[in-house]
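Understanding the architecture of this molecule
Residue strings, one per chain:
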Amino acid sequence: MHNVAITGTGVFTPDQVITNDELVVAFNAYADQWNAENAMAIESGEAEAKAHSSTDFIVAASGIERRYVLDKEGVLDPKRMFPRLAPRDDEAPGYMAEIGVDAANKALAQAGVAAEDIDLVICAASNMERAYPAIGVEIQELLGAGGFAFDMNVACSSATFGIQTAADMIRSGSIRRALVINPEICSAHLEWRDRDCHFIFGDVATAAVLERDDDLSGDRFSILSTRCATQFSNNIRNNNGYLRRTQDRMEDRRDMQFMQNGRKVFKEVLPLVSQHIAEHMDDTGITAGDLKRLWLHQANKTMNDYIGKKVLGRNPEAGEQPNILQDYANTSSAGSMIAFSKYSDDLADGDKGIICSFGAGYSVGSVIVERRA
Ligand code: COA
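To keep things clear, this report deals only with the structure shown in the data block.

Reading guide: rules and limits
- Residues numbered from 1 in each chain as written.
- Predicted model: local features only at pLDDT ≥ 70, side-chain atom pairs only at ≥ 80, totals over all residues.
- Heavy atoms only, no water.
- Helix = DSSP H or I, 4+ residues; strand = E, 2+ residues; numbered from the N terminus.
- Rg over C-alpha atoms; globule rule 2.2 N^0.38 Å.
- Buried < 20%, exposed > 50% of the residue type's maximum accessible area, 1.4 Å probe, protein only.
- Contact = heavy atoms within 4.5 Å.
- Salt bridge = Lys/Arg side-chain N within 4 Å of Asp/Glu carboxyl O.
- Pairing = 2+ DSSP bridges.
- Axes fitted to C-alpha atoms, helices over the stretch in contact; angles between N-to-C directions.
- Parallel < 35°, antiparallel > 145°, perpendicular 65-115°, else oblique.
- Left-handed = near helix turned anticlockwise from the far one by under 90°.
- Nonpolar A, V, L, I, M, F, W, Y, C, P; charged D, E, K, R; others polar.
- Right-handed = clockwise from strand over helix to strand, strands pointing away.
- Expected span 1.5 Å × (residues − 1).
- Near = heavy atom within 4 Å.
- Polar contact = N/O pair within 3.5 Å; in protein donor to acceptor, adjacent residues only side chain to side chain.
- Areas by Shrake-Rupley, 256 points an atom, 1.4 Å probe, with all protein chains shown as cover.
- 1 Å grid on protein atoms, 1.4 Å probe; cavity = no way out; pocket = protein on both sides within 12 Å on 5 of 7 lines; lining within 4 Å.
- Sits in = over half its atoms within 2 Å of the grid points.
- Phe/Tyr/Trp six-rings, centres within 6.5 Å; stacked < 30°, edge-to-face > 60°.
- Core = buried A, V, L, I, M, F, W, Y, C linked by side-chain atoms within 4.5 Å.

**Let's talk about the overall build of the chain**
Looking only at helices and strands, the chain features 11 helices and 13 strands. Relative to the globule expectation of 21 Å for 373 residues, the C-alpha radius of gyration of the chain, 21 Å, shows essentially globular dimensions. Along the first, second and third principal axes, the C-alpha atoms of the chain reach 70 × 50 × 35 Å. Burial statistics for the chain: of 373 residues in total, 53% are counted as buried. Across the chain, every contact between residues at least 6 apart in sequence was considered, and the portion connecting residues at least 24 apart equals 76%.

Printed below as a string of structure tokens:
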């Protein structure tokens, strides 16, 4: 068995930002327009008027203040409320490949690894822009990476499940180096016309280089242990696929986008994640006092505060559990990796931390790391 380390990470951040205020203005304009168009049905009780959204609610319920997106104009057009991502020619790089390659090149540069020395590329994300060929294989080709590639989807837990998958192959000796890439174009599977969730997601891509850690000497995070768990739930669901229940009108296809029962998710996922981390730490011989940092999935600030408190047995100090969701919103599997990439440099040799992601499935994955500097 070989040891494994994360030797580089990279983040692609789109250059377009939507603030809560901009989002709410667009949503409310859409709601007013819809209410006007459906005034008679609303008056007769056949339809329910759409209520306004509010910035205060969004911040209080989630901690989200803004989000990055690939296309702001389409999302904020009250007559459209959906990004304009034109289908590309088959010969041109896809959207996921393009942003995944950007993040991957940053991770390779930090690791000091050449693309051709990569043996495995995993594109791990919550939604693929096509069925096949795998986005991972396209990224492999664009990077000039060696070996093989594939896609995997465990929704918001895709990054940690991808890390465990790659780490297991490095441990066993079947590969030496891997890239785990998480291009998350959440704006394309969010229903921006649904007040309950229109504020939740943003776009981003993250990447991590994993290497055999038997003879490395530079800055890195040795992976001490990985663990994944799943438990079926319908409370976060997206039915998009080849079984279309209704084909014709966008309005009839609500289930082809992200749907959730947020309250239930909140209640059910918290104990699942807290227990998962506690057991993983216990089995690895790590105590709360050993942990210098928690890089948690970024869905909801209250949720993260709760998990941090449960894991550490006290309120986390500033910086111990960095949140990035105020700037990026929920970026599905990429959230914990953005936090890890941006808030890990200051750790000293021997400092330990946990990357943890969780979400649809339900699924939860944790990676316990130790800084070597
Ligand atoms: N603006 C103003 N009011 C809104 C609103 C908006 N955008 N969206 C919902 N509301 C209203 C609701 O209609 C509800 O009104 P009511 O009390 O009159 O029925 C009230 O605000 C509370 O809504 P609720 O959905 O119960 O809010 P919440 O406190 O549960 O917060 C979430 C919603 C989604 C932020 C929260 O449940 C959550 O984060 N859950 C976990 C989600 C998660 O981690 N998902 C994983 C995704 S990968």
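**Quick notes on the pattern of salt bridges**
Here the structure, examined in full by the defined rule, presents 21 salt bridges. Between Arg 293 and Asp 346 there is a salt bridge, with its nearest N and O atoms 2.8 Å apart. Within this pair, whereas Arg 293 is found in strand S11 (residues 291-296), its partner Asp 346 is found in the loop between helix H11 (335-342) and strand S12 (352-359), the two being separated by 53 residues in sequence. Between Asp 305 and Lys 301 there is a salt bridge, with the nearest N and O atoms lying 2.8 Å from each other.

**Remarks on the pairing of strand S1 (residues 4-12)**
A large share of S1 lies buried, amounting to nine of its nine residues. Across eight bridges, S1 lies against strand S7 (residues 203-212) in antiparallel orientation. From the neighbouring strand, Gly 8 faces S7, where its bridge partner is Val 209. Both S1 and strand S8 (residues 220-230) contribute to a ladder of three bridges, which runs antiparallel. Its bridge partner being in S8, Ile 6 is matched across the sheet by Phe 221.

**Regarding the packing of helix H5 (residues 95-111) against helix H6 (residues 135-143)**
Running from N to C, H5 and H6 point in directions that differ by 55 degrees, and their axes come no closer than 9 Å. Comparing their axes, H6 and H5 come out oblique. Both H5 and H6 take part in a crossing whose hand is right-handed. On the side of H5, the interface is formed by Met 96, Ala 97, Gly 100, Val 101, Ala 104, Asn 105 and Leu 108, while H6 contributes Ile 135, Glu 138, Ile 139, Leu 142 and Leu 143. Across the contact of H5 with H6, the residue classes break down as nine nonpolar, two polar and one charged.

**A word on the pairing of strand S5 (residues 148-152)**
Looking at chain direction, strand S4 (residues 120-124) and S5 are connected through five bridges and run parallel. Bridge pairing links Val 121 to Ala 149 in S5. Between the parallel pair S4 and S5, the chain is carried across by H6, and the sense of this crossover is right-handed.

**Some points on H5**
An α-helix turns once per 3.6 residues; consequently, residues spaced three or four apart project the same way. Its 17 residues give H5 an end-to-end C-alpha distance of 24 Å, which sits within 8% of 24 Å, the value for a rise of 1.5 Å per residue. Those residues of H5 that sit buried are Tyr 95, Met 96, Ala 97, Ile 99, Gly 100, Val 101, Ala 103, Ala 104, Ala 107, Leu 108 and Ala 111. Where H5 is buried, its residues meet S1, S4, H6, strand S6 (177-185) and S7.

**Focus: the site of the ligand**
In the neighbourhood of the ligand, 18 residues make up the surrounding shell, with Ser 53, Arg 195, Gln 260, Arg 263 and Asn 300 lying closest. At a separation of 2.8 Å, an oxygen atom of the ligand approaches a polar side-chain atom of Arg 195. With respect to the ligand, the backbone of Gly 262 contributes an N or O atom lying 3.1 Å from a nitrogen atom. When isolated, the ligand has an accessible area of 970 Å², and the protein chains bury 72% of it. The cavity where the ligand resides is the largest pocket. Contributions of two or more residues to the shell around the ligand are made by helix H3 (55-62) and helix H8 (262-284). It is H8 that contributes the most residues to the shell around the ligand, four residues altogether.

**Here's the deal with the sheet that holds strand S13 (residues 363-372)**
Reading across from one edge, S5-S4-S6-S7-S1-S8-S13-S12-S11 is the order of the nine strands in this open sheet, with mixed pairing throughout. Edge positions in the sheet fall to S5 and S11, since each has one partner strand and no second. Ignoring which end each strand starts from, the neighbouring axes of this sheet average 25 degrees apart. Its contacts with the sheet put helix H7 (residues 158-172) on S1, S4, S5, S6, S7, S8, S12 and S13, and the angle it makes with S8 is roughly 115 degrees.

**Thoughts on the packing of aromatic side chains**
For any pair of aromatic rings, geometry is given as the distance between the ring centres together with the angle between the planes. Tallying each qualifying case throughout the model produces eight aromatic pairs. Where Phe 201 meets Phe 258, the ring centres are 4.8 Å apart and the plane angle is 90 degrees; that geometry is what we call edge-to-face. Placement of the pair is Phe 201 in the loop between S6 and S7 and Phe 258 in the loop between strand S9 (236-237) and strand S10 (259-260), with a sequence separation of 57 residues. The buried category is assigned to Phe 258, whose relative accessible area is 8%. Both rings, one in Phe 221 and one in Trp 295, keep their centres 6.1 Å apart while their planes meet at 85 degrees; by these two values the pair is edge-to-face. Here the residue Phe 221 occupies a position in strand S8, and Trp 295 occupies one in strand S11, the gap between them amounting to 74 residues. The same class applies to Phe 221 as to Trp 295, namely buried. A network of ring pairs unites the aromatic residues Phe 221, Trp 295 and Phe 340 as a single cluster.

**Examining the nonpolar core**
In terms of nonpolar packing, the biggest core is built from 46 residues, with Val 273, Ile 277, Leu 291, Ile 307, Ile 354, Cys 356 and Phe 358 touching the most fellow members. If you list the elements that add at least two residues to this core, you get helix H1 (20-37), helix H4 (72-76), H8, S11, helix H9 (301-312), S12 and S13. Not counting chain neighbours up to four residues away, the residues in contact with Leu 291 comprise Met 281, Ile 286, Val 311, Leu 312, Lys 352, Gly 353 and Ile 354. Membership of the second largest hydrophobic core comes to 36 residues, among which are Ala 166, Ala 167, Ile 324 and Val 367.

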